[in-house]
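Spelled out from the first residue to the last, the chains are:
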Amino acid sequence: MTATALERRERRKAWGFALPAVLWTAAFFLVPFLYMAAISFWKREGREIVATWTLDNYAAFFGKPHLLKALVNSLEVTLTVTIVSILLAYPLAWIIAERVPRRWQRFALIMAILPFWTSYVVRSYSWLLVLSKGGVVNQSLMWMGLIAEPLELSANRTGTVIGFVHFFVMLLTLTIYANLVQLSPNYRRAAADLGANAFQTFWHVILPLTLPGIMVGAFLTFVLCIGDYITPQILGGNNELVLPQVIMLQLGRRADFPMAAALSLVLMVVVTIAYIACARWLKMERT
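Residues numbered from 1 in each chain as written. Predicted model: local features only at pLDDT ≥ 70, side-chain atom pairs only at ≥ 80, totals over all residues. Heavy atoms only, no water.

With an unreviewed UniProt entry as reference, the protein is termed Spermidine/putrescine transport system permease protein, source organism Peteryoungia aggregata LMG 23059. Turning to the protein, the UniProt annotation filed under Subcellular location (unreviewed entry) states: "Cell membrane". Under Sequence similarities (unreviewed entry), UniProt gives the following word-for-word description of the protein: "Belongs to the binding-protein-dependent transport system permease family. CysTW subfamily." (UniProt positions renumbered as here; feature names shortened; annotations may be inferred.)

*Asks:* Could you give an account of the UniProt feature "domain: ABC transmembrane type-1" (unreviewed entry) in the protein, naming the residues involved and the relevant values?
*Replies:* In the numbering used here, UniProt assigns the "domain: ABC transmembrane type-1" (unreviewed entry) feature to residues 71-278. Structurally, residues 71-278 is divided into 77% helix and 0% strand, and its ends, taken at the C-alpha atoms, are 20 Å apart. (Helix = DSSP H or I, 4+ residues; strand = E, 2+ residues; numbered from the N terminus.)

*Asks:* Break down the UniProt feature "transmembrane region" (unreviewed entry) in the protein for me, with residues and values.
*Replies:* The feature "transmembrane region" (unreviewed entry), as annotated in UniProt, sits at residues 21-42, 77-97, 104-122, 161-181, 202-230 and 259-282 in this numbering. Within the segment residues 104-122, helix and strand shares are 63% and 0% respectively, and the terminal C-alpha atoms sit 29 Å apart. Across residues 161-181 one finds 95% helix and 0% strand; the C-alpha atoms that close the span lie 29 Å apart.

*Asks:* So what about helix α5 (residues 120-131)? Which residues, and what values?
*Replies:* Between its first and last C-alpha atoms α5 spans 17 Å; for 12 residues at 1.5 Å apiece the expected length is 16 Å, and the two agree. Those residues of α5 lying buried are Arg123, Ser124 and Leu131. For α5, the arc enclosing every buried residue in end-on projection is 100°, short of the 170-degree limit, so these residues lie on one face. As for α5, its buried residues are in contact with α6 (136-143), α7 (157-180) and α10 (230-235). (Expected span 1.5 Å × (residues − 1). Buried < 20%, exposed > 50% of the residue type's maximum accessible area, 1.4 Å probe, protein only. Arc of directions from axis to C-beta. Contact = heavy atoms within 4.5 Å.)

*Asks:* Give a description of the environment of Ser85 that names residues and reports values.
*Replies:* By secondary structure assignment, the location of Ser85 is in helix α3 (residues 65-99). We classify Ser85 as buried; its relative accessible area is 0%. For the pair Ser85 and Ser119, spaced 34 residues apart in the sequence, the C-alpha separation amounts to 20 Å. For Ser85, the side chain forms a polar contact with the main-chain oxygen of Val81, separated by 2.7 Å. (Polar contact = N/O pair within 3.5 Å; in protein donor to acceptor, adjacent residues only side chain to side chain.)

*Asks:* Explain the pattern of salt bridges to me, using residue names and the numbers behind them.
*Replies:* Between side chains of opposite charge, pairing is possible as soon as their charged atoms come close. What the rule picks out here adds up to 6 salt bridges. Residue Arg188 is joined to Glu98 by a salt bridge in which the shortest nitrogen-to-oxygen separation is 2.7 Å. Within this pair, whereas Arg188 is found in helix α8 (residues 185-193), its partner Glu98 is found in helix α3, the two being separated by 90 residues in sequence. Glu98 gets classed as partly exposed once you look at its relative accessible area, which sits at 27%. (Salt bridge = Lys/Arg side-chain N within 4 Å of Asp/Glu carboxyl O.)

*Asks:* With reference to specific residues and values, describe a positive patch on the surface.
*Replies:* Side chains of Arg8, Arg9, Arg11 and Arg12 sit close together on the surface and give a patch of like positive charge. When you line up the elements, Arg12 lands in helix α1 (residues 3-39). Here Arg12 falls in the exposed class, since its relative accessible area comes to 58%. (Patch = residues over 30% accessible without salt bridge, like charges linked within 9 Å, V, L, I, M, F, W, Y side chains within 5 Å. Areas by Shrake-Rupley, 256 points an atom, 1.4 Å probe, with all protein chains shown as cover. Lys, Arg positive; Asp, Glu negative; His and termini not counted. Charge placed at Lys NZ, Arg CZ, Asp CG, Glu CD.)

Have a look at this one:
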């Protein structure tokens, strides 16, 4: 059998293994996505959805300030959560990888990911109890005499960011830790031989080598945070709506499926842009 025939045989075998996954993705992602995209160009007249092709939904999104504001709120909250989570997760991952003995690192990681073992809804409501005016934080600060009146820590952006950060710090810790433990000690030795101090070694050697882990965690944080509805609804209230909340309002209160589909596609475009930006940046760093 020639080399070309062998290649064709292996290619057919590879497609045979991949075909079930391709069909599953097409049936449960591609087809629903295309249907949602088509609905976004329809319109709602009274209680009926009319399959008339129009750009009215997208024009309404760019023409109504409160819809644009919801997207801006989503981006601001997501970027804040991503940056704060990175700043908190990197030292934690570094401590586990560098300062915790090897035999205790698995236990430290288990302790770090304990929040994942709790229901997402339960965790959000727990933070509401902690951050509310009568919650643990305000009661403790008032008991110590540090404040005279309860702080507004819930039903606003602050509560939303705290709830998100608590969850995503753990996710970023895992991705950064995975990069840190793969680094050879020879990198530090080489930097020290060249006269670099501890900070220079970190800034010019360790940080660039761990950027893939940071960017993977940051992108996952961005995607999960910008599309989340539960945490902003529970901890943020309805004072400052983010785009997923607006989408749910279109579905639950107005039954405006075309408008909800259009807003969902806008959200997907934002996520796609973020992915392209991260992919290009990572590719550049690797070269």
